[in-house]
Amino acid sequence: MSSSGPSSRLSAAQLEQRLDDALLASSSHRSVAKLARDLEYLPRERQDLVLHWAEVCTQTNAAIGDLVASLAPRALVLLDAAAFEAWVLAALDRYDRHGARAAMESLRDVAGFRAARDDTRDVALATVEGRLGRFVRGLSGRTLRIRAGAAAWTDTETIHLPARLGVLSDAGANRALYRAMTALLWAQARFGTFNADLEAAVDAWPQRERALAWLAALETVRLEACIARELPGLAREMAGLRGPWPSELTSVVDRLGAPSASVADSLALLSEYMAGEAHPPVLVHAGTLDPAAARRVRAQRIGRETEVLRHALGAWKAAPGRRPAESSSWEATLADDAGPAEFRIEGKLVALPEEARAAAQSLVQDLGEIPPEALAPAGPGAWKPTDRQGEGAHYVATRPPDHYYDEWDFHRNAHRRGWCHLYENDLPAGDAGFVREVSQRHAALIRRIRRRFEALRGEDRVLGRQLDGEELDVDAAVEAVCDRAAGSEPSSRLFARRVRCERSLAALFMVDMSGSTQGWVNDAEREALVMLCEAIETLGDAYAIYGFSGWTRTRCDIYRIKGFGERYGDAVRGRISAIAAKDYTRMGVAIRHLTRLLVAQPARHRLLVSLSDGRPDDFGDEYRGQYGVEDTRRALLEARAQGVRSYCVTIDRHGADYLRHMYGPARYTVLDDVRKLPLKLADIYRRMSS
Amino acid sequence: MSPTELRTITPTLETQADEPYYQQVADEVALFEAAAARRLPVLLKGPTGCGKTRFVEYMAWRLQRPLVTVACHDDLTTADLVGRYLIAGEGTIWVDGPLTAAVRAGAICYLDEIVEARKDTTVVIHPLADSRRVLCVEKRGELVRAPESFMLVISYNPGYQSVLKEIKPSTRQRFVALDFDYPEAALEARIVAIEGGVEASVAQRLVKLGQLTRNLKGEGLDEGASTRLLVHAAQLIGAGMAPRTACTAAVARALSDDPEMTDTLDELVRAVF
Ligand SMILES: Nc1ncnc2c1ncn2[C@@H]1O[C@H](COP(=O)(O)OP(=O)(O)OP(=O)(O)O)[C@@H](O)[C@H]1O
Ligand SMILES: [Mg+2]
């Protein structure tokens with residue numbers, strides 16, 4: 001800040017002087033004098049605040065500085081210091097993006113700014129959904145979907161939460177509240193709220209709604225205690241959010257908090273409360289109960305998991321060389337809580353497939369044990385996975401797909417198996433004239449890129465005169481002998497070591513051929529590829545180029561432009577010329593397929609570089625928006641798990657914020673200007689491969 | 001000159017005097033002893049930090065044989081394993097590599113993370129890992145026959161799905177394979193308490209945290225927290241760090257760089273402690 005001196009208030013005269021300096025004397029004297037009088041009675045920190053920001057703004061734009069100063073007395077009535085700063089910064093930001101007029105409009109609307117800022121204590125579910133999903137995944141090991149709804153409740157597979165939360169005073173607290181609500185709903189399924197016939201219990205009362213609300217409150221007391229035993233940190237946070245228990249509930253905290261308490265205790269207490277008149281208290285973090293929905297979903301799941309488990313046990317038993325064991329000697333235990341279930345047969349631990357272990361874990365969470373019928377091994381073929389695939393749009397294909405790929409459905413938090421139908425196509429060659437033209441037009445640039453790339457080229461070399469190595473360096477050894485004979489000290493660097501400069505890299509470039517690339521994006525992609533090919537040829541790395549496009553999940557097309565084994569000759573040049581805008585961008589399946597091609601390459605390092613413009617998108621509403629973003633993210637994660645490094649280049653002038661999330665598992669670059677693509681691409685490749 | 005007339009240095013190997021702490025999990029000790037008795041090589045499969053190295057140390061002590069451990073890396077050459085010539089005075093001298101030394105001494109040779117080594121190194125272990133039980137020291141033209149007590153043990157983490165990190169069938173089919181995994185909660189808590197020097201209640205919470213992170217495997221995490229990480233967190237707590245700080249550093253940050261994932265891990269840490 002520009003002020004020094006005593007922290008006592010500045011007088012009108014001093015203020016006038018300071019304002020004159022700060023505002024570059026751009027305002028009329030009369031207005032400055034008036035402003036100084038308005039500011040005279042503000043505390044010193046406020047005076048400094050105004051002077052500081054007026055000066056800062058003036059450096060950007062004198063009119064804005066003026067306006068900030070003149071609006072300040074009124075703004076400071078509505079805004080505290082932090083809000084004042086935010087108000088100014090928002091205006092400067094608008095200035096940068098939209099110019100002075102927009103900035104001044106934004107400054108004048110002090111009341112609007114204040115209202116919007118108050119709203120910031122609200123948290124939208126959409127902004128925390130992913131995080132809550134991962135959090136419960138961690139807690140439960142079972143996938144629970146998160147959905148927006150009017151109230152907070154769960155059917156034990158989906159957790160419904162309000163779309164916005166603003167009950168608490170700031171955004172951090174509201175986020176914590178989301179977490180607490182989620183955890184309590186998870187706890188309903190985990191700690192057996194639905195292990196009793198709740199429907200019968202509440203239907204017994206004429207005031208059914210009141211009974212349900214009481215039951216929800218009592219269960220909240222019990223579940224918080226369960227959580228406190230396993231997750232004390234979380235329970236502390238919950239207690240902080242809700243404050244002390246309301247007086248109606250304090251008498252039951254001990255009973256429901258006992259480790260042995262179950263939903264039966266809550267039901268017993270329910271009768272007592274219903275006999276009285278009191279209304280159930282409102283608990284900020286408690287959800288509501290829908291016993292009927294929970295029963296349906298839970299029964300289905302138990303049925304399903306029981307069959308999975310029986311099937312797995314059947315398969316285990318039927319494996320060759322197995323002595324038939326009596327199923328009475330089968331025993332399953334759950335270590336303590338979220339841990340994996342363990343199976344013992346005649347006292348011996350047996351390893352069941354992942355899927356069966358998950359089913360067992362899920363059963364134990366629902367029932368507290370594995371029901372005996374689930375331990376009766378099924379005969380062969382007794383169970384078939386139900387085909388739950390829905391129907392997408394149909395495309396009349398002339399041949400069966402070459403591959404089927406899974407797709408990630410974030411609504412379900414699971415893959416849709418074999419969902420995408422992938423067709424491999426050869427791109428028919430166009431005329432190679434385009435490539436020739438580009439190579440000529442950019443000859444100088446290509447030469448430059450090539451020279452840079454040549455520096456990367458490596459060969460196996462033998463380094464002599466090393467301290468250590470697999471072979472003796474004969475020259476050095478002879479010299480050492482001579483040195484010694486001559487009485488001087490011999491060098492101890494007597495070894496030769498072979499260093500591998502072999503690059504052993506396979507790179508695959510994946511090019512967006514969706515309709516939106518029509519025009520200059522497409523041209524830039526093709527130009528970039530030409531330069532890249534010229535450059536990589538000097539390195540001798542294995543590389544391939546594929547295009548992708550699609551029309552719904554039943555028609556995902558991959559176009560080969562250059563295969564790994566192929567030479568960069570006229571055929572390839574012709575195909576690069578023929579790259580054209582086609583349909584839509586279903587990106588996940590393309591990443592999965594090309595990852596598979598890459599993984600088959602005998603190289604030490606694998607690199608997948610994608611070129612696209614903007615958001616993944618497909619015909620129909622399904623892939624558009626978050627679904628496509630999540631699927632792409634997932635596909636990149638899968639690629640990484642297979643040892644493929646990805647780099648995503650996006651041409652997107654809107655600089656959207658979903659990119660960080662979508663490309664999180666990969667590295668990425670956003671280009672606002674498509675003309676930068678050719679150089680950028682060569683550069684990325686150089687950096688990633690050296 | 002015959003190989004034995006060459007001047008040769010073989011490191012002397014000793015057996016471990018003190019019993020290393022190892023918590024038996026299933027029947028791995030008996031299986032290993034049986035394999036040792038039948039002179040069969042052993043492959044230990046399992047995720048990182050689940051006790052494979054500790055197990056081999058313990059078995060070496062139990063069988064009273066010296067242990068030679070080689071951590072394989074992608075520049076490990078056959079010379080690094082078998083040996084090389086050095087200059088001494090006017091002539092050369094041969095120094096046995098760790099594998100050769102182990103074979104001569106009838107020790108247990110443990111090649112940790114074998115998939116990391118260069119492919120050609122597997123060639124020298126093949127004849128050692130089948131009924132021939134010989135090591136071919138090519139540069140000396142010598143064939144070293146392994147004594148009864150020599151044993152080859154290799155380890156491998158199948159969690160890396162990368163094709164680069166796969167064991168060739170011709171290699172893996174020479175070995176008796178023992179499966180390792182993180183022990184069940186009660187045992188793991190015992191290990192964490194003893195190794196980390198913390199109370200049982202703290203160890204239980206750490207194990208709880210470990211399980212929560214393992215639930216995230218494949219959901220953005222390549223691997224959940226290993227027993228080793230939990231032991232590290234315990235040691236930090238034992239050294240006076242607050243549990244949340246210790247877990248954030250030893251577990252959450254160690255598992256991921258993805259900001260979204262570390263946020264989630266931090267939330268789980270705060271839920272448990
Ligand atoms: N069964 C066990 N008994 C005793 N300590 C154990 C056991 N399992 C794990 N530990 C502890 O975990 C640590 C890590 O184990 P170790 O180094 O043996 O893992 P590893 O399986 O060899 O891992 P990596 O594959 O990463 O080499 C040990 O130092 C020890 O503290
Ligand atoms: Mg180890």
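Procedures and definitions
- Residues numbered from 1 in each chain as written.
- Chains lettered and ligands numbered in written order.
- Predicted model: local features only at pLDDT ≥ 70, side-chain atom pairs only at ≥ 80, totals over all residues.
- Heavy atoms only, no water.
- Helix = DSSP H or I, 4+ residues; strand = E, 2+ residues; numbered from the N terminus.
- Buried < 20%, exposed > 50% of the residue type's maximum accessible area, 1.4 Å probe, protein only.
- Contact = heavy atoms within 4.5 Å.
- Areas by Shrake-Rupley, 256 points an atom, 1.4 Å probe, with all protein chains shown as cover.
- Phe/Tyr/Trp six-rings, centres within 6.5 Å; stacked < 30°, edge-to-face > 60°.
- Near = heavy atom within 4 Å.
- Polar contact = N/O pair within 3.5 Å; in protein donor to acceptor, adjacent residues only side chain to side chain.
- Nonpolar A, V, L, I, M, F, W, Y, C, P; charged D, E, K, R; others polar.
- Buried area = accessible area lost by both parts, 1.4 Å probe.
- Salt bridge = Lys/Arg side-chain N within 4 Å of Asp/Glu carboxyl O.

Engineer: Before we go on, may I ask you to explain the overall build of chain A in this structure?
Structural biologist: Each helix and strand counted, chain A has 26 helices and 19 strands in total. Across the 690 residues that make up chain A, the buried fraction comes to 52%. For chain A, the proportion of contacts with a sequence separation of at least 24, taken over those separated by at least 6, is 71%. Summed over all atoms, the accessible surface of chain A reaches about 31,700 Å², with 50% contributed by carbon and sulfur.

Engineer: Can you help me understand the packing of aromatic side chains in this one?
Structural biologist: By convention here, two paired aromatic rings are described through the distance between centres and the angle between planes. All names here are of chain B. Applying the stated rule across the entire model yields ten aromatic pairs over all chains. Pairing phenylalanine 55 with phenylalanine 180 gives two aromatic rings, centres 5.2 Å apart and planes at 55°, and the pair type is tilted. Taken together, the residues phenylalanine 55 in helix α2 (residues 52–62) and phenylalanine 180 in the loop between β10 (176–179) and α7 (185–196) connect sequence positions 125 residues apart. For the pair phenylalanine 55 and phenylalanine 180, one class covers both residues: buried.

Engineer: Looking at this structure, I do not really get the site of ligand 1. What am I missing?
Structural biologist: Residue and element names in this part refer to chain B. Taken together, 17 residues lie around ligand 1, and Thr48, Gly49, Lys52, Thr53 and Glu195 are the ones closest in. Glutamate 195 places a polar side-chain atom, nitrogen or oxygen, 2.5 Å from an oxygen atom of ligand 1. Within the complex, the protein chains bury 89% of what would otherwise be the 640 Å² of accessible surface of ligand 1. Secondary-structure elements contributing two or more residues to the shell around ligand 1 are α2, α7 and α9 (227–238). Residues belonging to the shell around ligand 1 are distributed by class as follows: five nonpolar, six polar and six charged.

Engineer: Quick question: what am I supposed to make of unusual backbone geometry here?
Structural biologist: Among all residues save glycine, negative phi is the norm, and among peptide bonds the norm is trans. Its identity is not glycine, yet threonine 156 of chain A carries a phi of approximately 85°, on the positive side. One non-glycine residue with positive phi stands out, namely arginine 133 of chain B, at about 50°. Given the relative accessible area of 11%, arginine 133 of chain B is considered buried.

Engineer: Which parts of the structure should I look at to understand the interface of chain A and chain B?
Structural biologist: In this complex, chain A contributes 49 residues to the contact, which on the side of chain B involves 43 residues. Counting each side, the surface lost to burial between chain A and chain B is near 3,900 Å², with a carbon and sulfur contribution of 49%. When the area that chain A buries against chain B is broken down by residue, the three leading residues are Arg134, Glu470 and Arg604 of chain A, summing to 14%. One can count four salt bridges joining chain A with chain B. Of the charged contacts, one joins arginine 179 of chain A and glutamate 267 of chain B as a salt bridge, the two residues approaching to 2.8 Å between their closest N and O atoms. The interface formed by chain A and chain B contains nine residue pairs in polar contact (both at pLDDT 80 or more).

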